[in-house]
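# Analysis of the macromolecular model
Here are the chains, one letter per residue:
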Amino acid sequence: LAGPAGPALVPVPASLRVTEGAFTLAADARIGVRSAEGAPVAEQLARLLRRSTGYALPVVREPAEITLEVSGGQELGREGYTLDVTPAGVRLAAATAEGVFRGVQTLRQLLPAAIESSTPQPGPWTIGGVRIEDRPRFPYRGVMLDVARHFFTVEQVKRYIDLAVAYKVNVLHLHLTDDQGWRIEIRSWPELAGDDSYSQDDYREIVRYAAERFVTVVPEIDTPGHTNAALAAYAELNCDGVAREPYEGTEVGFSSLCVDKEITYRFLDDVVREVAALTPGPYLNLGGDEAHSTSPEDYEKFVARAQEIVDVHGKQLMGWAEITSGAVAQHWQPREPDRARAAVARGAKLVMSPADRAYLDMKYTDSTEYGLDWAGLVEVSDSYDWDPATVVEGIHEQDILGVEAPLWTETLATPDALEFMAYPRLPGIAEIGWSPATVRSWEDYRARLAAHGPRWSARSVTFYRSPEIPWS
Ligand SMILES: CC1=[NH+][C@H]2[C@@H](O1)O[C@H](CO)[C@@H](O)[C@@H]2O
């Protein structure tokens, strides 16, 4: 692989040493895993390698040519791992199955791009010798998918997860409700979700699929603004008792729940109860952005009640940077750094998603067919060449839980459009979340990223061939 210092890995590992010799995966190779905890990850790796090599690759309960070990060593944390490739074979060790899963993503990238094919390819399947010790900089490395402006099916969400976990992404934030649509069944309020929505079983399946890949789902029910879909479904939720018209446009800030009506909080309690019961992850995101039709006093009253409700249902409140309560606030508006500082001042942790860097719905250039440009044009270099710990004055490493790449879908109606906007920028945000700031740079990253084009082509990913990258 053409990477300047060796393998073209994204995210770049915390430490990597090229060693003597090479390992070639042979047709009679086996995958060894001794612990029950590691077995599901071994099976996932086996399925992936069988598909593109055509080899049997049985999983056995003893050391083998590829050995996955879930050992006790806590020094690398929950997601860290060590990966040794020698002529004798591959040894991937971690304290948890999650760490082994993260290391498997690195192992995939050490193998030729053809390993990503869905049909058997000719080898040789050779990896140069390396010793890798790796662990993430931030614990929260997310992608957000807006399924409200345009709905995407369970299978399409699964594919979005599949592509993202190859880059060690570990959070999927689903923007489930907005002015244009309510996309999750709420049994106590059956008129909310229309035809294009997830049943509760659909949502459970997304959560299950994500969990198998050590991805935490963060559901967002955007409130008190961005609520036209609910206000159109239930007249009684409106202050004037009149149902709103359905809205298909792209304006924001015109809707608000009725803060002074008690039914608003029965509604919120029912919704939070049902969604929390379906969500194993710690966060319940209640949005809070662009509540331009809610007075500041009403906004504070609403958020205080919302916090109580989320507490009752055993979750931690998360929201956009405007939200004035909760454990985690998400910085998004480059023009409003004060909100990030205020969130830290009240004891919240930040997820960094500056729109002029991390919003995957921003056009690459003014000739990009899809997307918006209110935060500016965001080429691959703009999206990569920043750091969460310096991007906002006064916000430092210890204030930050992680990063997230939101993909808003006002202008994106198909999976191809999603992939075109997400690739190649999503891997860069993933690297910013995982790799130490000291081991990454734009010049090195663009050279490594060049080797990922063939990997995406092998998976039929529709990506933007940015002229900034020397594609291999
Ligand atoms: C947090 C946030 N609220 C707005 C803003 O981001 O911009 C998005 C488009 O880029 C838009 O879809 C969203 O409703």
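Please read all numbers here as calculations on a predicted model, not as lab measurements. (Residues numbered from 1 in each chain as written. Predicted model: local features only at pLDDT ≥ 70, side-chain atom pairs only at ≥ 80, totals over all residues. Heavy atoms only, no water.)

## Details of the nonpolar core
Core analysis: the largest hydrophobic core is formed by 139 residues, its most contacted members being Leu 49, Trp 182 and Tyr 423. No other element matches the 8 residues that helix α6 (residues 262-277) contributes to this core. Residues in contact with Trp 182, not counting those within four places in the same chain, are Leu 176, Thr 177, Leu 192, Ala 193, Gly 194, Ser 197, Ile 221, Ala 229, Ala 230, Phe 267 and Val 271. Formed by 9 residues, the second largest nonpolar core is a distinct cluster that contains Met 144, Tyr 359, Met 362 and Ala 375. (Core = buried A, V, L, I, M, F, W, Y, C linked by side-chain atoms within 4.5 Å. Buried < 20%, exposed > 50% of the residue type's maximum accessible area, 1.4 Å probe, protein only. Helix = DSSP H or I, 4+ residues; strand = E, 2+ residues; numbered from the N terminus. Contact = heavy atoms within 4.5 Å.)

## Observations concerning the state of the cysteines
Counted under the stated rule, the structure contains 1 disulfide. The side chain of Cys 239 participates in a disulfide bridge whose partner is Cys 258; the two sulfur atoms lie 2.1 Å from each other. Disulfide Cys 239 to Cys 258: torsion about the S-S bond roughly 100°, handedness right-handed. Placement of Cys 239 in the loop between α5 (228-233) and α6 and of Cys 258 in the loop between α5 and α6 is noted, with a sequence separation of 19 residues between them. Residue classification places Cys 239 among the exposed positions, given a relative accessible area of 55%. (Disulfide = S-S within 2.5 Å.)

## Some thoughts on the site of the ligand
Of all residues adjacent to the ligand, which total 14 residues, the nearest are Arg 149, Asp 289, Tyr 359, Asp 361 and Glu 410. Asp 289 has a polar side-chain atom sitting 2.7 Å from a nitrogen atom of the ligand. When the ligand is considered free in solution it has 350 Å² of accessible area, and contact with the protein chains removes 97% of it. For the shell around the ligand, the per-class residue count stands at 8 nonpolar, 1 polar and 5 charged. (Near = heavy atom within 4 Å. Polar contact = N/O pair within 3.5 Å; in protein donor to acceptor, adjacent residues only side chain to side chain. Areas by Shrake-Rupley, 256 points an atom, 1.4 Å probe, with all protein chains shown as cover. Nonpolar A, V, L, I, M, F, W, Y, C, P; charged D, E, K, R; others polar.)

## Structural notes on the sheet that holds strand β4 (residues 66-70)
Sheet strands line up and pair through hydrogen bonds in the backbone, either parallel or antiparallel. Strand order in the open sheet formed by 7 strands is β1-β7-β5-β6-β4-β2-β3, with mixed pairing between adjacent strands. Edge strands, defined here as strands with exactly one partner in the open sheet, are β1 (15-25) and β3 (59-60). With 3 bridges joining them, strand β2 (residues 31-33) and β4 adopt parallel strand pairing. Note on β4: the bridge partner recorded for Ile 31 is Ile 66. Its contacts with the sheet place helix α1 (residues 39-53) against β1, β2, β3, β4 and β7 (125-134), and it is angled at close to 175° to β2. (Pairing = 2+ DSSP bridges. Axes fitted to C-alpha atoms, helices over the stretch in contact; angles between N-to-C directions.)

## Let's talk about the pairing of strand β8 (residues 140-146)
Counting buried residues along β8, 7 of its 7 residues qualify, which places the element largely inside the surrounding structure. Alternating positions in β8 separate into two faces, Tyr 140, Gly 142, Met 144 and Asp 146 on one and Arg 141, Val 143 and Leu 145 on the other, with burial throughout. Of the strand pairs in this sheet, β8 and strand β9 (residues 171-175) are connected by 5 bridges, and their pairing is parallel. Note that in β9 the partner of Met 144 across the bridge is His 173. Regarding topology, helix α3 (residues 154-165) serves as the crossover connection from β8 to the parallel β9, and that connection is right-handed. (Right-handed = clockwise from strand over helix to strand, strands pointing away.)

## Considerations on the sheet that holds strand β15 (residues 400-407)
The 8 strands lie next to each other as β8-β9-β10-β11-β12-β13-β14-β15, forming a closed barrel whose pairing is parallel. Going across the sheet, the axis of each strand differs from the next one's by a mean of 30°, ignoring polarity. Taken together, the 3 bridges between strand β14 (residues 349-352) and β15 define a ladder with parallel strand orientation. In the strand pairing of β15, Val 351 is matched with Gly 402. Across the sheet, α3 lies against β8, β9 and β15, angled at about 150° from β8, the strand it touches most.

## A few points about the pairing of β9
With respect to burial, β9 is a largely interior element, 5 of its 5 residues being buried. Every second residue of β9 is oriented toward a common face, with Val 171, His 173 and His 175 on one face and Leu 172 and Leu 174 on the other, all of them buried. Handedness of the crossover joining β9 and strand β10 (residues 216-223) through helix α4 (residues 200-212): right-handed.

## A look at the packing of helix α12 (residues 425-434) against helix α13 (residues 442-450)
Running from amino to carboxyl end, α12 crosses α13 at an angle of 130°, the nearest separation of the two axes being 12 Å. Classed by the angle they form, the pair α12 and α13 counts as oblique. Considering the relative orientation of α12 and α13, their crossing is right-handed. Across the interface between the two elements, Pro 427, Gly 428 and Glu 431 from α12 touch Tyr 445, Arg 448 and Leu 449 from α13. Here the contact of α12 with α13 is built from residues that sort into 3 nonpolar, 1 polar and 2 charged. (Parallel < 35°, antiparallel > 145°, perpendicular 65-115°, else oblique. Left-handed = near helix turned anticlockwise from the far one by under 90°.)

## Looking at the pattern of salt bridges
Evaluated as defined, the whole model comprises 39 salt bridges. Put simply, Asp 260 and Lys 301 hold a salt bridge, and the shortest N to O gap is 3.0 Å. Here Asp 260 is found in the loop between α5 and α6, whereas its partner Lys 301 is found in helix α7 (residues 296-312), with 41 residues between them in sequence. We classify Asp 260 as exposed; its relative accessible area is 59%. Note on Lys 301: relative accessible area 43%, which makes it partly exposed. Measuring nitrogen to oxygen at the nearest pair gives 3.6 Å for the salt bridge that ties Asp 298 to Lys 301. Of this pair, Asp 298 and Lys 301 both sit in helix α7, 3 residues apart, roughly one helical turn. Taking the relative accessible area as the measure of exposure, Asp 298 reaches 21% and is therefore partly exposed. (Salt bridge = Lys/Arg side-chain N within 4 Å of Asp/Glu carboxyl O.)

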